[in-house]
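# Reading the structure
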Amino acid sequence: MEKNSNIEIITGDPKKAINKLSLPIIASMFLIFANNIIDSIWVAGLGAEPLAALGYVTPLFMVLIGIGNGIGAGGNSLISRYIGAENKSSANNAAIHNLILGVILSIAVSIILLGFLKPLLTIMGATAVLNYAMEYGIVIFAFAFTMLLPPIFGGAFRAEGDVKRATVPLAVSAITNMCIDPIFIYTLNLGVAGAAWATVIAHLFAVLTMLYWMFVKKDTYLKYNRESFHNDLKMYKDILVVGIPASLEQLILSVLTIVVNFMLTIVSGPVAVAVYTAGWRIVNIGMLPAIGVGTASISVAGVAYGSRKYENLRITARYAVKVALIASVIVCIILNLFANQIAFIFSYSESSAQLEPLIASFIQLMCLFILYVPFGASAGNVFQGVGKGTISFILTAFREFILVLIFAYVLGFVFNMGEFGIYCGMLLGGGIGSLICYGCIELYISRLLRRRDNGI
């Protein structure tokens, strides 16, 4: 099979591969999340209601991103397994199937989300800020392809070890968005809709850049040409077997956010939703090391599985948890120490000044959630890498939609602990669920090793 430096990295030492792949992914994700926070910061200047509106749209936006990341993970997994098995022609074909799925889904998702946007926002409890939420959501979902295609294309780039091309366009888009946000929101006087237009225009850059590499410059390891494409329904199925469960995982997280928003609305009103919206975005940044390492492990696990080097799967899972946990502890300490300073960036205007102490308290408590993420993220991504997306989905559903939700409801309402109880329930459910997830991946790898040693 044709080799290049990127392929040699992902087929070599799993630890070195994770180190090489994860750092650019984490950096890119940081800029993307920072961009989301910048959106919130600029919108916060418009008042608490526009900021709360973003909180109601965010779960739907994350569904969009989740579909892109999910299908990208499915393509990444399938292509990586073909590369591990040294089957270049099938890897090329899988990459083209991945691209076609991305285009089809972009059209379908836009139609569905635009058609059901208003009733969804109403069900989610956004009635008080519905106009703001619609202004933002219509623009975002009309141009859904700008958010969907980059992570789908990026999955193919990561599969071949070319993590720079998977992440650099996204990073540049995030920086561009940060710069043009105030222009669209305040200079052009577009308000909340201006934040959406800035996001769409910035993300269009990533789409065009990736298409240029694939179809104009044509210097990628995987080839995107007519000769490499042979329509194979099984390839679509194999991508979706991982991609759909991975996408549904994000849907579960978004539904969880919707339910948490609803519970907070009941106990405290829109202000609590604004606090949760701002504070949870900071906590999400703290999760980036674990998520980045986990994303890198999809390619490494896929190659190891394709080449039947199951001992490398164990190394991948354990090393991913180790590295991510060390980084997560550091991040958790930093967030705890600087919670007040961080909270200020969401409460700099007179209309949102009352949010500062509330956001700071939220960050100091919920930063503990970051410590559980390495276990669940690494386990889930390794399962995706070996093509077992359904297992990853079931574990995520159990952790987030059953344990987290049940504990949040019981402590928040049954024990009448209100806001604080909801947050404590999220911590307790997330911790228990993440440890269960990691135990499952260890058992799975042990069974693979036993079966191989027994000649099965």
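Quick note: structure is the one above.
What you see is a predicted model, and the numbers here were worked out from it, not measured in a lab.

About the criteria used
- Residues numbered from 1 in each chain as written.
- Predicted model: local features only at pLDDT ≥ 70, side-chain atom pairs only at ≥ 80, totals over all residues.
- Heavy atoms only, no water.
- Helix = DSSP H or I, 4+ residues; strand = E, 2+ residues; numbered from the N terminus.
- Rg over C-alpha atoms; globule rule 2.2 N^0.38 Å.
- Contact = heavy atoms within 4.5 Å.
- Areas by Shrake-Rupley, 256 points an atom, 1.4 Å probe, with all protein chains shown as cover.
- Core = buried A, V, L, I, M, F, W, Y, C linked by side-chain atoms within 4.5 Å.
- Buried < 20%, exposed > 50% of the residue type's maximum accessible area, 1.4 Å probe, protein only.
- Axes fitted to C-alpha atoms, helices over the stretch in contact; angles between N-to-C directions.
- Left-handed = near helix turned anticlockwise from the far one by under 90°.
- Nonpolar A, V, L, I, M, F, W, Y, C, P; charged D, E, K, R; others polar.
- Phe/Tyr/Trp six-rings, centres within 6.5 Å; stacked < 30°, edge-to-face > 60°.
- Lys NZ or Arg CZ within 6 Å of the ring centre and 35° of its normal.
- Bend = angle between axes of the 7 residues up to and from the residue.
- Parallel < 35°, antiparallel > 145°, perpendicular 65-115°, else oblique.
- Patch = residues over 30% accessible without salt bridge, like charges linked within 9 Å, V, L, I, M, F, W, Y side chains within 5 Å.
- Salt bridge = Lys/Arg side-chain N within 4 Å of Asp/Glu carboxyl O.
- Expected span 1.5 Å × (residues − 1).
- Polar contact = N/O pair within 3.5 Å; in protein donor to acceptor, adjacent residues only side chain to side chain.
- Disulfide = S-S within 2.5 Å.

Quick look at the overall build of the protein chain now. Looking only at helices and strands, the protein chain has 17 helices and zero strands in total. In terms of C-alpha radius of gyration, the protein chain reaches 21 Å, essentially the compact-globule figure of 23 Å for 456 residues. If one aligns the C-alpha atoms of the protein chain with their principal axes, the spans along those axes are about 65 × 45 × 35 Å. When contacts within the protein chain are restricted to residue pairs at least 6 apart in sequence, long-range pairs at least 24 apart make up 83% of them. By element, 68% of the accessible surface of the protein chain is carried by carbon and sulfur atoms, the whole surface being about 17700 Å².

Membership of the largest hydrophobic core comes to 125 residues, with the highest contact counts inside it found for L121, M366 and M426. The leading source of residues in this core is helix α3 (residues 48-84), at 16 residues. Within the second largest apolar cluster, 19 residues are counted, among which are A301, V382, F383 and Y444.

The geometry of α3 relative to helix α10 (residues 270-286) is characterised by a closest axis approach of 8 Å and an angle of 65° between their N-to-C directions. As α3 packs across α10, the resulting crossing turns out to be left-handed. Contact with α3, carried on its side by A48, L51, A52, L54, G55, Y56 and T58, involves P270, V273, A274, T277 and R281 of α10 and no other residues of that element. Looking at the contact of α3 with α10 residue by residue, the class counts come to eight nonpolar, three polar and one charged.

Within this structure, the stated rule accounts for 15 aromatic pairs. The interplanar angle of 20° and the centroid separation of 5.8 Å between the aromatic rings of Y276 and W280 together place this pair among those described as stacked. Of this pair, Y276 and W280 both sit in helix α10, four residues apart, roughly one helical turn. A residue is classified by how much of its surface remains accessible, and Y276, at 3% relative accessible area, is buried. Between W280 and F369, the aromatic rings sit 5.4 Å apart at their centres with planes inclined by 70°, giving edge-to-face as the arrangement. Remark: F369 occurs in the loop between α14 (356-366) and α15 (373-385) and W280 occurs in helix α10; sequence separation between them is 89 residues. Through successive ring pairs, a cluster of aromatic residues spans Y276, W280, F362, F369, Y372 and Y423. Taking NZ or CZ as reference, K88 lies 4.2 Å from the ring centre of Y221, over its face.

A few words on helix α4 (residues 88-123). Along its length, α4 shows its largest kink, about 60°, at L117, and proline P119 lies within four residues downstream of that point. Directly beyond the C-terminal end of α4, a positive phi value near 95° is found at G125.

As a packed pair, helix α2 (residues 14-44) and helix α11 (residues 288-306) sit with axes 7 Å apart at the nearest point and diverge in direction by 135°. Looking at the two axes, α2 sits oblique to α11. The handedness of the crossing between α2 and α11 is right-handed. Along the contact surface, α2 presents P14, A17, I18, L21, S22, I25, I26, M29, F30 and F33, while α11 presents L288, P289, I291, G292, V293, T295, A296, S299 and V300. Each residue belonging to the contact of α2 with α11 can be placed in one class, and the counts come to 15 nonpolar, four polar and no charged.

Moving on, we get to the environment of I38. Looking at the secondary structure, you find I38 in helix α2. Classification of I38 by relative accessible area gives partly exposed; the value is 22%. The spatial distance from the C-alpha of I38 to the C-alpha of P182 is 9.6 Å, given a sequence separation of 144 residues. Every residue in contact with I38, bar those within four places of it in the chain, is listed here: M178 and D181.

Turning next to a nonpolar patch on the surface. Together, I326, V329, I330, I333, I334, L337 and F338 give the surface a local cluster of nonpolar side chains, amounting to about 650 Å² of exposed area. Residue placement: I330 occurs in helix α12 (residues 310-337).

Mapped onto the elements, S110 comes out in helix α4. Residues in contact with S110, not counting those within four places in the same chain, are F141, A142 and A144.

Spanning 31 residues, α2 covers 43 Å between terminal C-alpha atoms, matching the ideal 45 Å at 1.5 Å per step. At S22, α2 shows its largest bend, some 25°, and a proline, P24, comes one to four positions later. Sitting at the head of α2, D13 places a side-chain oxygen 3.1 Å from the backbone nitrogen of K15.

What follows concerns the side chain of T257. In this structure, T257 sits in helix α9 (residues 233-267). For T257, the residues in contact, after removing those within four places along its chain, are P59 and Y276.

Attention shifts here to unusual backbone geometry. Of note in the backbone geometry, N189 takes a positive phi value of approximately 60° without being a glycine. Note that N189 resides in the loop between α7 (163-187) and α8 (191-217). On the basis of relative accessible area, N189 is assigned to the exposed category, the value being 65%. Although it is not a glycine, K218 adopts a positive phi angle of roughly 55°.

Moving on to the state of the cysteines. What the rule picks out here adds up to zero disulfides. The thiol of C437 is unpaired, and the distance to the nearest cysteine sulfur, on C440, comes to 6.5 Å. Given a relative accessible area of 28%, C440 falls into the partly exposed group.

This part is about the pattern of salt bridges. In the structure shown here, the tally under the stated rule is nine salt bridges. R165 is the partner of D219 in a salt bridge, and the nearest nitrogen-oxygen pair spans 2.6 Å. Linking D219 in the loop between α8 and α9 with R165 in helix α7, this pair joins segments that are 54 residues apart in sequence. What makes D219 partly exposed here is its relative accessible area of 37%. Notably, a salt bridge pairs E442 with R318, separated by 2.9 Å at the nearest N-O pair.

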